[in-house]
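Read off the chains here:
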Amino acid sequence: MKKLLIIIGMALLAAATTSCGNPSQTQRETGDTLTMSHARNIIMVRHKDYTEVALANPWKRGQKLITYALVDSSHGHASVPEGMVRVGIPIKRSLLFTAAHTELARELGATSCIKGVADAQYMHQPWLKSAISRNKIVDCGNSMKPNMESIMALAPDAIFVSPYENGSYGKLEHAGTPLILLADYMETSALGRAEWMKFYGLLWGREREAERLFDDVCRRYDSISHIAREAKGKPQVMADRKTGSVWYMPGGKSTVAQLYRDANADYAFKDDGHSGSIPLSFETVLEKAGQADVWLLSFNNSITREGLLAEFSGYGQLRAMRGGKVYGCPVDRSRYFDEAPFRPDLLLRDMAIVFHPELRLGPLRYYQLIR
């Protein structure tokens, strides 16, 4: 009996020692996981003193890209586990490198949280241009080589950047400011990417607004998809255009391919396993997708069918070109890049209009017929 008591005592001591050695471990085990219905590369768990946000590495299956500990200002001195990047929330001084996330901040009522941007020349939102002209928001230059003096003077609470495989962030990594990695673009569904707004809502203190907006986007998206599935035909679609000797097509697991499916269109590369773009030769595109009914592409400035043929005569072999069903998005003056990532319902509606004109869903928002 005495021996048994000693064993029990040693076990209790070991458990207590383990707990004292890592006081956050118990909290992590009893945290509440926040529901993510569509996103696959992010997990958020709310603990007593912080919210753990783990981003999956989209390029290395089974590995983490980074893990954050979001600490509310009311728990400013709370300890967080080793290996997590501590981020104080709500973030009041953000430096953003993408138009999509600045526009999301506007949708969530968090524009006051934006103090600086990079690549402002690619951001077409009138409100943002006005804020920059009035020095309410600082233009920190090119995202590939940002103005570090401006950034240091800005003193942001966090810098929002897009991650790339094996990419580095240069001097930003040594600025002493948390980097928020915007890996939402690697999700494999449009709604999965949009759901990351819940993470950004937490960062900016707009959690409820993000929940409401995402629920609204889902309802609209599902409604449009249901209407599109009721259409009689299912046209085949092809995307983008030749760049040099290569034609980059959306991978079969990409958000674009998912949008095609949800808009009730067929896509020649739907069975491809890539979530990004796939480089193809013109011959492959012609063989697999040359008979597509509709051709969707993007362009700058202006474009005509005659101009496309002058650019590359091989386009004349495409059925969509011969049939006059070429639609383009003028990305230099449309709201495509700043709206579509977190409002896929708006983009899906455009696609449903193009693929199924008989549904009479109204005017196009992003695309226009190329004549």
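Given the structure is predicted, the values throughout are model-derived calculations rather than measurements. (Residues numbered from 1 in each chain as written. Predicted model: local features only at pLDDT ≥ 70, side-chain atom pairs only at ≥ 80, totals over all residues. Heavy atoms only, no water.)

### Description of the overall build of the protein chain
Phase 1: In terms of regular secondary structure, the protein chain is built from 14 helices and 20 strands.
Phase 2: Across its three principal directions, the C-alpha atoms of the protein chain cover 90 × 55 × 40 Å.
Phase 3: By the burial criterion, 48% of the 371 residues in the protein chain qualify as buried.
Phase 4: Put simply, 58% of the contacts in the protein chain that link residues at least 6 apart link residues at least 24 apart.
Phase 5: Summed over all atoms, the accessible surface of the protein chain reaches about 18,900 Å², with 51% contributed by carbon and sulfur.
Phase 6: Treating the 46 positive side-chain charges of the protein chain as one cloud and the 40 negative ones as another, the clouds have centres 1 Å apart. (Helix = DSSP H or I, 4+ residues; strand = E, 2+ residues; numbered from the N terminus. Buried < 20%, exposed > 50% of the residue type's maximum accessible area, 1.4 Å probe, protein only. Contact = heavy atoms within 4.5 Å. Areas by Shrake-Rupley, 256 points an atom, 1.4 Å probe, with all protein chains shown as cover. Lys, Arg positive; Asp, Glu negative; His and termini not counted. Charge placed at Lys NZ, Arg CZ, Asp CG, Glu CD.)

### Here's the deal with the environment of Ser277
Phase 1: Within the secondary structure layout, Ser277 lies in strand E17 (residues 277-280).
Phase 2: As for Ser277 and Val53, which are separated by 224 residues in sequence, their C-alpha atoms are 28 Å apart.
Phase 3: With residues up to four places along the chain from it excluded, the contact list for Ser277 reads Tyr248, Met249, Pro250 and Gly251.

### Points about the nonpolar core
Phase 1: With 111 residues, the main nonpolar core has Phe199, Trp204 and Trp295 as its most contacted residues.
Phase 2: The dominant element in this core, judged by the number of residues it contributes, is helix H8 (residues 207-229), at eight residues.
Phase 3: With five residues, the next largest nonpolar core counts Ala69, Val71, Ala78 and Met84 among its residues. (Core = buried A, V, L, I, M, F, W, Y, C linked by side-chain atoms within 4.5 Å.)

### Some words on the pattern of salt bridges
Phase 1: Inspection of the entire model under this criterion finds 16 salt bridges.
Phase 2: Linking Arg193 and Asp184 is a salt bridge whose minimum nitrogen-to-oxygen distance equals 2.8 Å.
Phase 3: Owing to a relative accessible area of 0%, Asp184 belongs among the buried residues under this scheme.
Phase 4: Asp216 serves as the salt-bridge partner of Arg220, at 3.0 Å between the closest nitrogen and oxygen. Taken as a pair, Arg220 and Asp216 lie in helix H8 at a separation of four residues, close to a single helical turn.
Phase 5: A single salt-bridge network, built from bridges that share partners, covers Glu103, Arg106, Arg335, Asp338, Glu339 and Arg365. (Salt bridge = Lys/Arg side-chain N within 4 Å of Asp/Glu carboxyl O.)

### Re the side chain of Asn264
Phase 1: You can see Asn264 is positioned in the loop between helix H9 (255-262) and strand E16 (266-267).
Phase 2: Separated by 3.0 Å, the side chain of Asn264 and the backbone oxygen of Ala228 make a polar contact.
Phase 3: What Asn264 contacts, discounting residues up to four positions off in sequence, is Ala228, Arg229, Ala231, Gly233, Lys234, Pro235 and His356. (Polar contact = N/O pair within 3.5 Å; in protein donor to acceptor, adjacent residues only side chain to side chain.)

### A few points about the environment of Ala69
Phase 1: In this fold, Ala69 is placed in strand E4 (residues 64-72).
Phase 2: Separated by 223 residues in the primary sequence, Ala69 and Ala292 place their C-alpha atoms 48 Å from one another.

### Looking at helix H10 (residues 282-289)
In an α-helix, one turn spans 3.6 residues, which is why side chains three or four residues apart end up on the same side.
Phase 1: Buried within H10 are the following residues: Phe282, Val285 and Ala289. Taken down its axis, H10 places every buried residue within 70° of arc, on the same side. Across H10 from its buried face, at more than 90 degrees, point the exposed residues Glu283 and Glu287.
Phase 2: Looking at the packing, one finds that the buried side of H10 touches strand E13 (236-239), strand E14 (242-243), strand E15 (246-250) and E17. (Arc of directions from axis to C-beta.)

### Considering the sheet that holds E14
Phase 1: Strand order in the open sheet made by the three strands is E14-E15-E17, with antiparallel pairing throughout. At either margin of the open sheet sits one strand with a lone partner, and together these are E14 and E17.
Phase 2: Here E15 runs beside E17; their pairing, made up of four bridges, is antiparallel. Each bridged residue has a counterpart across the sheet, and for Pro250 the counterpart in E17 is Ser277. (Pairing = 2+ DSSP bridges.)

### Regarding the pairing of strand E2 (residues 42-46)
Phase 1: Where strand E1 (residues 32-34) lies against E2, three bridges are found, and the strand directions are antiparallel. In the strand pairing of E2, Thr33 is matched with Val45.
Phase 2: Of the strand pairs in this sheet, E2 and strand E3 (residues 51-56) are connected by five bridges, and their pairing is antiparallel. The partner of Ile42 across the bridge, within E3, is Leu55.
Phase 3: The loop that links E2 with its antiparallel partner E3 comprises four residues.

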